[in-house]
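# Coordinate inspection notes
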Amino acid sequence: YMALSAGGNLGVGTASPSHNLHIKNTAEEDTGIIIENTNNAQNLDIDYWNNAGAVQGRIRYAEGAGKFLVYPNTSASSALTILYDGKVGIGNDSPVAFLDVRKDNDNSGNQLVVADTEGASAAVRTYSTSDPDGLILNHYYALSGSGNEYRRYADFVANISSGAGTTMRFITKNAANTYTVGL
């Protein structure tokens with residue numbers, strides 16, 4: 001059943017809706033909302049409007065492409081994309097890997113931040129399920145006793161439990177875009 005309160009709230013499955021749209025299901029089954037377009041390859045949008053009556057943000061399902069896109073600002077590219085095959089793009093609406101993070105390279109901010117708020121050294125760890133020790137990469141951490149002063153480090157620790165050899169290559173780039181390769 002449906003109910004419309006005196007304040008204009010619409011209830012589906014409830015006689016006393018507590019918000020603009022209140023959907024309540026008391027049965028032991030999934031509750032959901034269906035957005036349907038019977039024309040092929042159409043976008044299905046949920047828009048968020050500002051107080052000036054203009055669309056500000058959007059969640060879109062692009063049926064033709066088979067992907068979800070999140071636009072915190074509809075005048076810009078999507079900030080987050082999830083493809084039909086599970087690939088996720090941040091700053092990229094056509095991810096080519098399981099997680100594809102992209103940002104312009106104008107050095108006006110971090111491209112990827114991994115922080116440990118408990119004070120330990122944060123790390124990015126890559127590994128296979130057969131070798132969970134994997135490869136650890138630390139990038140920034142505080143110098144001992146230096147307050148908020150940070151030094152840039154790239155610590156690569158390869159934990160190869162099978163005894164196989166490991167080759168590591170370090171590539172650094174300076175402000176003049178000159179690259180140096182070291183081992």
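In case you missed it, the structure is sitting above this.
So, here is what we can say about the structure in this document. (Residues numbered from 1 in each chain as written. Predicted model: local features only at pLDDT ≥ 70, side-chain atom pairs only at ≥ 80, totals over all residues. Heavy atoms only, no water.)

Time to look at the sheet that holds strand 3 (residues 21-23). As summarised here, the arrangement of the 3 strands in space is 1-2-3, forming an open sheet in which the pairing is mixed. Strands with a single pairing partner mark the edges of an open sheet, and in this sheet they are strand 1 (2-4) and strand 3. The average undirected angle you get between the axes of adjacent strands in this sheet is 15 degrees. Where strand 1 and strand 2 (residues 10-12) come together, 3 bridges link them in antiparallel fashion. (Pairing = 2+ DSSP bridges. Helix = DSSP H or I, 4+ residues; strand = E, 2+ residues; numbered from the N terminus. Axes fitted to C-alpha atoms, helices over the stretch in contact; angles between N-to-C directions.)

Below, the discussion takes up the pattern of salt bridges. On inspection of all chains with the given rule, the structure shows 4 salt bridges. Between Arg60 and Asp45 there is a salt bridge whose closest N-O contact spans 2.7 Å. Remark: Asp45 occurs in strand 4 (residues 43-49) and Arg60 occurs in strand 5 (residues 55-62); sequence separation between them is 15 residues. Overall, Arg60 belongs to the buried group, its relative accessible area being 17%. Here Asp45 falls in the partly exposed class, since its relative accessible area comes to 28%. (Salt bridge = Lys/Arg side-chain N within 4 Å of Asp/Glu carboxyl O. Buried < 20%, exposed > 50% of the residue type's maximum accessible area, 1.4 Å probe, protein only.)

The next subject is the pairing of strand 7 (residues 80-83). Of the two faces of strand 7, the one lined by Thr81 and Leu83 is fully buried and the one lined by Leu80 and Ile82 carries no buried residue. Of the strand pairs in this sheet, strand 6 (residues 67-71) and strand 7 are connected by 4 bridges, and their pairing is antiparallel. Directly across from Val70, in strand 7, lies its bridge partner Leu80. Alignment of strand 7 against strand 8 (residues 88-90), held across 3 bridges, turns out to be antiparallel. Bridging across to strand 8, Ile82 finds its partner in Val88. Taking the residues that link successive antiparallel strands as the turn, the strand 7-strand 8 hairpin has 4 residues, and the phi of Gly86 there is positive, at about 95 degrees.

This part covers the side chain of Arg58. Along the chain, the position of Arg58 falls in strand 5. A distance of 3.4 Å separates the side chain of Arg58 from the side chain of Asp45, its partner in a polar contact. Reaching out from Arg58, the side chain makes a polar contact with the side chain of Asp47 at a distance of 2.5 Å. (Polar contact = N/O pair within 3.5 Å; in protein donor to acceptor, adjacent residues only side chain to side chain.)

Honestly, it's all geometry; don't read function into it.
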